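# What the coordinates show
Residues per chain, in single letters:
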Amino acid sequence: MLQSPFCETNSANKLAPFSYTGVAVNSSGLGASQEEAPQTSEAPGPFKLFPGQAFPLGVSEVDNGINFAVFSQNATAVTLCLSLPSSGKVGTSDDGMIELGLDPRENKTGDIWHICIEGLPRRSVLYGYRMDGPRNWRDGHRFDSNIMLIDPYAKLVEGRRIFGDSSQKLSKFMGTYDFDSLPFDWGDDIKLPNIPEKDLVIYEMNVRAFTADESSGLDVNTRGSYLGVIEKIPHLLELGVNAVELLPVFEFDEFEFQRCRNPRDHMINTWGYSTINFFSPMSRYASSGGGPVNASQEFKEMVKALHNSGIEVILDVVYNHTNEADDEHPNTTSFRGIDNKVYYMLDLNNGGRLLNFSGCGNTLNCNHPVVMELILDSLRHWVTEYHVDGFRFDLASVLCRGTDGSPLSAPPLIRAIAKDATLSRCKIIAEPWDCGGLYLVGGFPNWDRWAEWNGKYRDDMRRFIKGDAGMKGIFATRVSGSADLYKVNKRKPYHSINFVIAHDGFTLYDLVSYNFKAIACTYTLELEHGGNDGCNDNYSWNCGAEGETDDANIKALRSRQMKNFHLALMVSQGTPMMMMGDEYGHTRYGNNNSYGHDTGINNFQWRQLDERRKSHFRFFSEAIKFRKTHSVFRHEDFLKKGDVKWHEDNWDNPESKFLAFTLHGENGGDIYLAFNAHDYFVKVSIPPPPQNRSWYRVVDTNLFSPDDFISEGVSGIGSTYKIAPYSSILLEAKPAA
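Residues numbered from 1 in each chain as written. Predicted model: local features only at pLDDT ≥ 70, side-chain atom pairs only at ≥ 80, totals over all residues. Heavy atoms only, no water.

### Some details on the overall build of the protein chain
A count of helical and extended segments in the protein chain gives 14 helices and 28 strands. The C-alpha radius of gyration of the protein chain comes to 28 Å, within 12% of the 27 Å expected for a compact globule of 737 residues. Dimensions of the protein chain, computed from C-alpha atoms along their principal axes, come out at roughly 95 × 55 × 50 Å. A total of 737 residues make up the protein chain; the buried ones form 63% of that total. With the model as given, the accessible surface of the protein chain reaches about 26,800 Å², and the carbon-plus-sulfur share is 48%. When the 73 positive and 94 negative side-chain charges of the protein chain are each reduced to one mean point, those points stand 5 Å apart. (Helix = DSSP H or I, 4+ residues; strand = E, 2+ residues; numbered from the N terminus. Rg over C-alpha atoms; globule rule 2.2 N^0.38 Å. Buried < 20%, exposed > 50% of the residue type's maximum accessible area, 1.4 Å probe, protein only. Areas by Shrake-Rupley, 256 points an atom, 1.4 Å probe, with all protein chains shown as cover. Lys, Arg positive; Asp, Glu negative; His and termini not counted. Charge placed at Lys NZ, Arg CZ, Asp CG, Glu CD.)

### Describing the domain arrangement of the protein chain
Split by domain assignment, the protein chain resolves into domain 1 (48–178), domain 2 (197–453) and domain 3 (644–735). On a C-alpha basis, the centres of domain 1 and domain 2 stand 23 Å from each other. Between domain 1 and domain 2, the contact holds 38 residues from the first and 50 residues from the second. Together, the buried faces of domain 1 and domain 2 total about 3,700 Å²; carbon and sulfur atoms form 61% of this surface. The largest contributions to the domain 1 side of the interface with domain 2 come from Arg142, Pro152 and Phe163, which together make up 22% of the buried area. Linking domain 1 to domain 2 there are three salt bridges. For arginine 160, the salt bridge is made with aspartate 253, and the minimal N-O distance between the two is 2.9 Å. (Domains from an automatic or database assignment. Contact = heavy atoms within 4.5 Å. Buried area = accessible area lost by both parts, 1.4 Å probe. Salt bridge = Lys/Arg side-chain N within 4 Å of Asp/Glu carboxyl O.)

### Side note on helix 4 (residues 291–308)
The terminal C-alpha atoms of helix 4 lie 25 Å apart, and with 18 residues this matches the ideal 26 Å at 1.5 Å per residue to within 8%. Taking burial as the measure, the 18 residues of helix 4 include 13 buried ones, the bulk of the element. A positive phi of about 80° marks glycine 310, the residue just after helix 4. (Expected span 1.5 Å × (residues − 1).)

### Some thoughts on the nonpolar core
In this structure, Phe68, Tyr203, Leu315, Phe391 and Phe393 are the most contacted members of the largest nonpolar core, which totals 173 residues. With nine residues, helix 12 (residues 552–571) is the single largest residue contributor to this core. Ala243, Val441, Ala502 and Met577 belong to the second-largest nonpolar core, a separate cluster that totals 18 residues. (Core = buried A, V, L, I, M, F, W, Y, C linked by side-chain atoms within 4.5 Å.)

### Examining the sheet that holds strand 22 (residues 658–663)
The strand order 21-22-23-28-25-26 describes an open sheet built from six strands, whose pairing is antiparallel. A single partner strand is all that each edge strand has here, and the edge strands are strand 21 (644–646) and strand 26 (709–714). The average angle at which neighbouring strand axes cross in this sheet is 20°, direction not considered. Here strand 25 (residues 693–700) pairs with strand 26 via two bridges, running antiparallel. Looking at the pairing, valine 699 lines up with phenylalanine 709 of strand 26. Helix-sheet contacts for helix 14 (residues 616–628) involve strand 23 (671–676), strand 25, strand 26 and strand 28 (727–735), and the interaxial angle to strand 26 is about 55°. (Pairing = 2+ DSSP bridges. Axes fitted to C-alpha atoms, helices over the stretch in contact; angles between N-to-C directions.)

### Here's the deal with the packing of helix 8 (residues 455–465) against helix 9 (residues 472–479)
Packing of helix 8 against helix 9 brings their axes to within 9 Å, and their N-to-C directions diverge by 130°. The orientation of helix 8 with respect to helix 9, classified from their angle, is oblique. Where helix 8 crosses over helix 9, the two elements pack in a sense that is left-handed. Residue-level contacts link Lys456, Tyr457, Asp460, Met461, Phe464 and Ile465 of helix 8 to Lys472, Ile474, Phe475, Arg478 and Val479 of helix 9. (Parallel < 35°, antiparallel > 145°, perpendicular 65-115°, else oblique. Left-handed = near helix turned anticlockwise from the far one by under 90°.)

### Examining the pairing of strand 20 (residues 575–579)
Most of strand 20 is tucked away: five of the five residues are buried. In strand 20, alternate side chains face the same way, and those of Thr575, Met577 and Met579 on one face and Pro576 and Met578 on the other are all buried. Bridge analysis of strand 11 (residues 202–205) against strand 20 gives three bridges, and the strand direction is parallel. Each bridged residue has a counterpart across the sheet, and for isoleucine 202 the counterpart in strand 20 is methionine 577. Sheet analysis places strand 19 (residues 496–499) next to strand 20, joined by three bridges and oriented parallel. Among the inter-strand pairings, phenylalanine 499 is bridged to a residue of strand 20, identified as methionine 577.

### Observations concerning the environment of glycine 668
Structurally, glycine 668 is set in the loop between strand 22 and strand 23. Along the sequence, glycine 668 and alanine 733 sit 65 residues apart, while their C-alpha atoms lie 7.1 Å from each other. With near-sequence residues (within four places) excluded, glycine 668 lies in contact with Pro690, Arg693 and Ala733.

### Side note on the sheet that holds strand 8 (residues 123–132)
Pairing between sheet strands relies on hydrogen bonds along the backbone, with the strands arranged either parallel or antiparallel. Spatially, five strands are ordered 5-4-8-10-9 in an open sheet, and the strand pairing comes out antiparallel. A strand with exactly one partner marks an edge of an open sheet, and here the two such strands are strand 5 (98–102) and strand 9 (156–158). Mean inter-strand twist for the sheet, computed between neighbouring axes without regard to direction, equals 35°. Sheet topology places strand 4 (residues 77–83) next to strand 8; seven bridges connect them, and they run antiparallel. Paired with serine 83 across the strands is leucine 126, a residue of strand 8. Its contacts with the sheet put helix 4 on strand 8, strand 9 and strand 10 (174–178), and the angle it makes with strand 9 is roughly 140°.

### Remarks on the packing of helix 5 (residues 335–343) against helix 6 (residues 369–384)
Interhelical geometry of helix 5 versus helix 6 gives an angle of 120° and a closest axis separation of 10 Å. By the angle between their axes, helix 5 is oblique relative to helix 6. From helix 5, Phe335, Val342 and Tyr343 reach across to helix 6, where they touch Val370, Val371 and Leu374. In terms of residue class, the contact of helix 5 with helix 6 is made up of six nonpolar, no polar and no charged. (Nonpolar A, V, L, I, M, F, W, Y, C, P; charged D, E, K, R; others polar.)

### Structural notes on the side chain of aspartate 434
Following the sequence through the fold, aspartate 434 ends up in the loop between strand 17 (427–430) and strand 18 (451–453). In this structure the side chain of aspartate 434 is engaged in a polar contact, spanning 3.1 Å, whose partner is the backbone nitrogen of leucine 438. In this structure aspartate 434 touches Phe357, Leu395, Ser397, Val398 and Arg401, once residues within four positions along its chain are discounted. (Polar contact = N/O pair within 3.5 Å; in protein donor to acceptor, adjacent residues only side chain to side chain.)

### A word on the confidence of the model for the protein chain
Of all residues in the protein chain, 90% attain a pLDDT of 70 or more, and the chain-wide mean is 91. Here residues 87–95 is modelled with pLDDT under 50, and outside its nearest four sequence neighbours on either side it reaches 14 contacts, counting other chains as well. Note that pLDDT drops below 50 for residues 520–532; the model gives that stretch 25 contacts with residues more than four away or on any other chain. (pLDDT = per-residue confidence, 0-100.)

Here it is, written out as structure tokens:
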């Protein structure tokens, strides 16, 4: 997660008065003040105005025109601002701005302000709101009528067109719409993958970073785009994953750190955990700077292509906070200026200050009825409009807090998501902690639907594999599905999302190459934030040298350890997740919080993949495919006594770092596994294979490629096996030759 940037002013969406045919206009077409009640029967130019309707929120096409509806409980004045596409300069201030003041007597129903306009173009109109209301911060209000605000329900957002275009660094963002394009062609016979959760292998990835590097071989206009992902689907299929978990793809501003002078004003937000709008796809992931309409179309093309390849699409969604930062350094673009008191958690006993359980300056008021419905509408939109298959909820413990920030045992939003009919086919995954200390791993409110990122799995696996004492028992628990956490009510092993590596931490290569985070690296000339970025507790081990080394023995040990981690992940009960780049050993040079680098530190290095395709990548791919073809690793229910045999009588010895066990498969298809985290060889007795079967060695991580993983197995396994230090083996019982 990101800390709020240190900024002193907000300028991106502040507007001087604009004019239309020479004067600022409201709904009467006159340069009247907002206090004057407008007439709704006339409008500037060829337009005709109607009171409009309260639902649906956002922009909709109705019989007599284009309807605009926006919620604000506490606003006293609302002005709809329109920029027409007449000049051909999209979203620039010299287009002119039509301003229509809404009359609360005609254009308000309950807490919803609305207006209908006949004669507006059916696409390419930019729009926003200016709102005024109480100015008392101590009561929680943050109204400022000088700031243009994005409609929370805007389905598309227009901003700069090219990712990282510094010439447009301070460009403003506005809502837009498209009622001209034909419905997307999903095909005549739409078949969603609908992969059972127990069979998923999740690949966490960043859309831009996946193909942004020139080594991707893609045309410069396609790199870093939704279409770029399509071009690389063959890689995903070769690797063997069947679900991608996309880092945030909702509209965000990559230049948010550069709005003003601050310690991070050299950085570009490439991860996207700073949402501007919850309905609109990230427009700068469109190819060729195509803008929001093309972004929407190309996102659908990406989903369709992934589905046609049998790959599900899970979105990493950020409903715990927004991009609007804190009260010290606000970045007002939408919710804060529309109704801060409704949209954010506040401490009204402390001057109306924003509560900060996200670590990013603000906390969305998720269980307020209006905000809860916004989130549900957003999720439904991504399922119905974009056909996504699931969601991973960033800092989901925030969603378990009441309007005053106190934890709730049965959060209304969490229950509503679990019970919603539209979302019933979706995978729903919680990151079960927040920055306020609400750690809910194994105890996240779930209604037997919610899965969780299992942070305890990550930590315990890291500690055992690197050789920490006293970890053998808990390692066995984690490999067998974390029943201590999830065997409750009707929960299943697959409700544990098992991972060793995720985006916010060391890469797998760095986990075995660094004892300490190294924020000051090749790509960062100064120590970011005085070394305060990134977690200090990484449970990593550099295998004998910090960072890069030419020592062949250390490099071989690191290779073994990466294979050990991956094998353990792929044989564990539960749902495995790996991170983009670990399949070739990507390094960030020890940076364990690289959100601000639009460089090779984050970008997938396709040449390195080619260099390691026959070794490191081959092992990773074979392990994934072996898991997918052996149901013994993918139990629907928690392991019973007859499902596993632990070859262990030394559980209570904290110095014992060796574990062996047999998983009993159907019809004698047993799998024997042994993990040696000692720094010396262990000679182990191999149990007899089932009747009429022999043991075949599939994996020995101590061997070099291709001998380290031979999927058909190597015969000749005797009654004992010498397992090398820091290595693991997998044997399969197969019919005797």
